[in-house]
Amino acid sequence: MKDPALIGENETFKRTFVQEGQRGIIMKILVVNAGSSSLKYQLMNMEDESVIAKGNRERIGIGGDPDHTAAMLEVVKALTEGENAVISSMGEIGAVGHRIVHGGEVYKDTVKVTDEVINNIDALSDLAPVHNPAHVLALRACQKVFSADVPQAAVFDTAFHATIPQKAYIYGMPYEFYEKYNVRKYGFHGSSHSYVSKQLALHLGKDITTMKIVACHLGNGSSITAIDGGKSVDTSMGFTPLDGILMGTRSGAVDPSAVTFMMKKLNLSPAEMEDWLNKKSGLLGIGGYSDNRDIHKAVSDGDKNAILASDILRYGIKKYIGSYAAVMNGLDYVIFTGGIGENAVEVRQDVCSDMEFLGIELDKDLNEKTRGTLTKISSDNGKTQVWVVPTNEELLIARSVKELFGL
């Protein structure tokens, strides 16, 4: 796999399909994940689901590319020009898939990108002010860069959670808040939760509709999801990604009165309070570090605040696993994924300790050895299996695009 340098001039491409002997069309899908000042991409060969190339344009509008269109043009050059080129022309790309954080209640499935879809994503920016405006910029940039006959699709992070029942997503606030302002639980990391649950079912050769799973996506941002029969029935993140367990810099769930109390004490505006909760809380606010690896080192050094932060994180994960087992009336599998979930041996060990009543019993040796590989880490004595399943949201997006367009 090549990670091409981003250099060269743009050119106009015709859409053609490359053929290799009698194998027919080689289907390549470009996956785009845009932030306000960044544009990540992966070019995937869907014949074998391999990554052909990946890269990231950073500092868009702040010293790097002037805008997302310019950044997308640089991606085109990187893929097609120079010694690091991986395709002969953009005509080899059969479709483009975009990761979109928030689809609200409007989009519950992957959809073809149209002007109306882009406008609707833009209209949902109040619900995701950091993410959706950036997605809109990338969508419009790709409309300019790619010819109209290259289909593009939007894959929504919230879509997987569209199956959550109303009793789980309505807050105990006046119902008109939901009716007038769309205030409800939406859930996030949907692409990751969908991917790892399906991947485990595929690996085991089991029908996912028979499985009760709690998926723990643990990273700088973390969420826990109850997946019953392949469908999300509850999840820890809520109206925004701030809800749920303690995270790198996010507080997780907090009594709303504690928020208003501190706003009065410190004379904070809503924006200032949001900044405290999103950027200065979590592991950072309690333990002094936002990265769990730094917290782990500080714990080893006996730092009391780091120990407390670590304990709060692990306790929160354990609590959600137990509550979701109750929601689903059973539990067959626990999945750990994400940067922490796939690699933090000590987190998995502590979360799964004293959980024998749920049939959870780790194999300590397997757990100790497992980092970033699809591996069962529970012993054969427990009825509930525990697995590490590496996430791959880009592949889930590419698969969704392929299915949508029948490629």
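Quick caveat, the model's predicted, so the values are computed rather than measured.

Colleague: Hey, could you run me through the side chain of S125 in this one?
Modeller: Here S125 is to be found in the loop between helix 2 (115-123) and helix 3 (132-145). Within polar-contact distance, the side chain of S125 engages the backbone oxygen of D122 at 2.8 Å. Discounting chain neighbours no more than four positions away, the residues touching S125 are N132 and P133.

Colleague: Is there a simple way to think about the pairing of strand 1 (residues 28-34) in this case?
Modeller: Two faces make up the sheet, and in a regular strand the side chains alternate between them. The buried count for strand 1 comes to six of seven residues, which makes it a mostly enclosed element. Alignment of strand 1 against strand 2 (residues 39-45), held across seven bridges, turns out to be antiparallel. Its bridge partner being in strand 2, K28 is matched across the sheet by N45. Following strand 1, the chain reverses through four residues before pairing antiparallel with strand 2.

Colleague: I tried to follow the environment of N329 on my own but got confused; where do I start?
Modeller: With respect to the element layout, N329 can be found in the loop between helix 11 (304-328) and strand 10 (333-337). Relative accessible area serves as the criterion here: at 69%, N329 is assigned to the exposed category. Residues N329 and K212 lie 117 residues apart in sequence; the distance between their C-alpha atoms is 8.8 Å.

Colleague: What is the right way to read unusual backbone geometry from this model?
Modeller: For residues other than glycine, phi is negative in most cases, and the peptide bonds are mostly trans. One non-glycine residue, R59, adopts positive backbone phi at about 55°. For R59, the location among the structural elements is in the loop between strand 3 (50-57) and helix 1 (68-80). A positive phi is found at H189, a non-glycine position, where the angle reads about 60°. Looking at where H189 falls in the secondary structure, it is placed in the loop between helix 5 (175-181) and helix 6 (190-204).

Colleague: How should the nonpolar core be read in this particular structure?
Modeller: In summary, soluble globular proteins display a tendency toward joint burial of nonpolar side chains. Membership of the largest hydrophobic core comes to 35 residues, with the highest contact counts inside it found for C216, L218, I224, I317, I321, L331 and I360. Counting residues per element, the ones that place at least two in this core are strand 7 (212-217), strand 8 (223-228), helix 10 (292-300), helix 11, strand 10, helix 13 (345-352) and strand 12 (385-388). Counting residues per element, this core draws most heavily on helix 11, at nine residues. Sequence-distant contacts of I360, that is, excluding residues within four places in its chain, are made with I321, L331, V334, C352, M355, T384 and V386. Counting 27 residues, the second-largest nonpolar core is a separate cluster that includes A201, I227, W387 and L395.

Quick notes on the rules
- Residues numbered from 1 in each chain as written.
- Predicted model: local features only at pLDDT ≥ 70, side-chain atom pairs only at ≥ 80, totals over all residues.
- Heavy atoms only, no water.
- Helix = DSSP H or I, 4+ residues; strand = E, 2+ residues; numbered from the N terminus.
- Polar contact = N/O pair within 3.5 Å; in protein donor to acceptor, adjacent residues only side chain to side chain.
- Contact = heavy atoms within 4.5 Å.
- Buried < 20%, exposed > 50% of the residue type's maximum accessible area, 1.4 Å probe, protein only.
- Pairing = 2+ DSSP bridges.
- Core = buried A, V, L, I, M, F, W, Y, C linked by side-chain atoms within 4.5 Å.

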